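Chain by chain, the residues run as shown.
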Amino acid sequence: MPSVRRRSAVAVLWNVGVAAAYFAGAELGLLDQLLRGHLTPFWPSTGIALAALLLLGWRVAPGIAAGAFIALVFDGMAIYEAVPIAIGDMLAPMLACYLLHRVDFHPNLDRLRDGLALVFLGAFAAMTVSATVGTSVLVLSGDALAHTSENPWLLWWMGNATGVLVVTPLLLLLHKPHRPGSFRLARVAEIAALLAGTLLVAGLGSHTRFEVLFLVFPFLFWAAWRFQLAGSAPCVLIASVVVTLAAEGRTGTFAEGRLFTELVTLQAFNASAALTGLLLAAVIAERNHTYREVERAVIHLSDVMSLRDRAGRHVESWRAPSREDEARR
């Protein structure tokens, strides 16, 4: 009986923590002033929710719904709108988690199939649920937000999908333990230069008139090649945040043009950066794993051959005196 109570208490604490994290992510997403309300180009809470389900299990689903509901009501949405939208925000990451479990998803993201599954099942497919539920509620309730943008469903879906692509890999990375001995001074300096370069190039490309935002991608290649997910995930987050802030301030690349065009440009960049970093990191991690397996197989085969040669020499040395004795007889 005490163990049951202990598990229940732990589950309650996890749900409270997830609800608080979801609320914090929602507040960060709602800071974007490009669109008022729940339609934002970057919704970190969806990535938080999916990571929580993958790492903690289905028991934290109520915390996701509670965090979504509190965030919506706190932002001024009516309760009759917030309830179904919060349910949709819970069902979308639950569907993503279910689909990922069905394809034997590894949270380490060390295989190409894991990266593809997170992109196409966890982000693109599952997020259609929250987008459909949310925009349907806005339309049926006559919310003005449903008519202030050209395609609210697309914007809702892309914002949630971007949250999964940018935030979920980073949280899965932070959950993975790292050995202190694996950090050397040269690698720390290289990571610092990589993060600083990404920040500088993203800021230059998004806050000035120079069309150099594409220069972020060489840094993503560098990060994925050298450090796999541990390098690409922070770089993607830095680039996405910097460019989103530039779009919010309507500066540089986002200074002119229609709102819908700027939103699509922003979300296309965020999705492209996340796809590049995530999939390239997964490919390189899988290649490195294959090399290690081949190396171990070669070493094992070499040991077997060495044992066979020593055994053969021992047998020959044992048989040789017997032949000499036979000759003497």
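Taking an unreviewed UniProt entry as the reference, the chain is identified by name as Integral membrane sensor domain MASE1 belonging to Actinopolymorpha pittospori. Taken directly from UniProt, the Subcellular location (unreviewed entry) text for the chain runs: "Cell membrane".

Asks: So what exactly am I meant to see when it comes to the environment of Ala246 here?
Replies: If you trace the backbone, Ala246 turns up in helix 11 (residues 229-249). With near-sequence residues (within four places) excluded, Ala246 lies in contact with Ser206, His207, Thr251 and Phe254.

Asks: For this particular structure, what's the right way to read the pattern of salt bridges?
Replies: Under the defined criterion, the tally for this structure stands at 2 salt bridges. With its nearest N and O atoms 2.8 Å apart, the salt bridge here joins Glu190 to Arg226. One end of the pair, Glu190, is in helix 9 (residues 185-207); the other, Arg226, is in helix 10 (residues 216-227), and 36 residues separate them in sequence. Judged by its relative accessible area of 17%, Glu190 falls in the buried class.

Asks: What's the story with the nonpolar core in this structure? I'm lost.
Replies: Burial of nonpolar side chains together is a common tendency in soluble globular proteins. Leu50, Phe105, Leu118, Met127 and Val216 are the most contacted members of the largest nonpolar core, which has 76 residues in total. Ranked by residues supplied to this core, first place goes to helix 8 (residues 152-175) with 11 residues. What Leu118 contacts, discounting residues up to four positions off in sequence, is Leu50, Leu100, Phe105, Leu109, Ala123, Val164, Thr168, Pro169 and Leu278.

Asks: Would you explain the UniProt feature "transmembrane region" (unreviewed entry) in the chain in this entry?
Replies: In this structure's numbering, the residues bearing the UniProt feature "transmembrane region" (unreviewed entry) are residues 12-35, 47-72, 116-141, 153-173, 185-205 and 259-285. Span residues 47-72 is 85% helix and 0% strand, its end C-alpha atoms 17 Å apart. With 100% helix and 0% strand, residues 153-173 has end C-alpha atoms that lie 30 Å from one another.

Asks: For this particular structure, what's the right way to read the packing of aromatic side chains?
Replies: One pass over the full model with this rule turns up 6 aromatic pairs. Between the aromatic rings of Phe23 and Phe74, the centroid separation amounts to 5.5 Å while the plane-to-plane angle is 80°, which identifies the pairing as edge-to-face. One end of the pair, Phe23, is in helix 1 (residues 2-30); the other, Phe74, is in helix 3 (residues 61-74), and 51 residues separate them in sequence. Measuring from centroid to centroid gives 6.1 Å for Phe219 and Trp222, while their planes differ by 40°, and the two rings are tilted.

Asks: Would you mind going over the environment of Tyr22 with me for this structure?
Replies: With respect to the helices, strands and loops of the structure, Tyr22 is situated in helix 1. When the C-alpha positions of Tyr22 and Ala71 are compared, they lie 8.2 Å apart, and in sequence the two are 49 residues distant. Discounting residues that sit within four places of it in the chain, Tyr22 has contacts with Trp43, Ser45, Ile48, Ala49, Ile64, Gly67, Ala68 and Asp89. At 3.4 Å, the side chain of Tyr22 forms a polar contact with the side chain of Trp43.

Reading the values: the criteria
Residues numbered from 1 in each chain as written. Predicted model: local features only at pLDDT ≥ 70, side-chain atom pairs only at ≥ 80, totals over all residues. Heavy atoms only, no water. UniProt positions renumbered as here; feature names shortened; annotations may be inferred. Helix = DSSP H or I, 4+ residues; strand = E, 2+ residues; numbered from the N terminus. Contact = heavy atoms within 4.5 Å. Salt bridge = Lys/Arg side-chain N within 4 Å of Asp/Glu carboxyl O. Buried < 20%, exposed > 50% of the residue type's maximum accessible area, 1.4 Å probe, protein only. Core = buried A, V, L, I, M, F, W, Y, C linked by side-chain atoms within 4.5 Å. Phe/Tyr/Trp six-rings, centres within 6.5 Å; stacked < 30°, edge-to-face > 60°. Polar contact = N/O pair within 3.5 Å; in protein donor to acceptor, adjacent residues only side chain to side chain.

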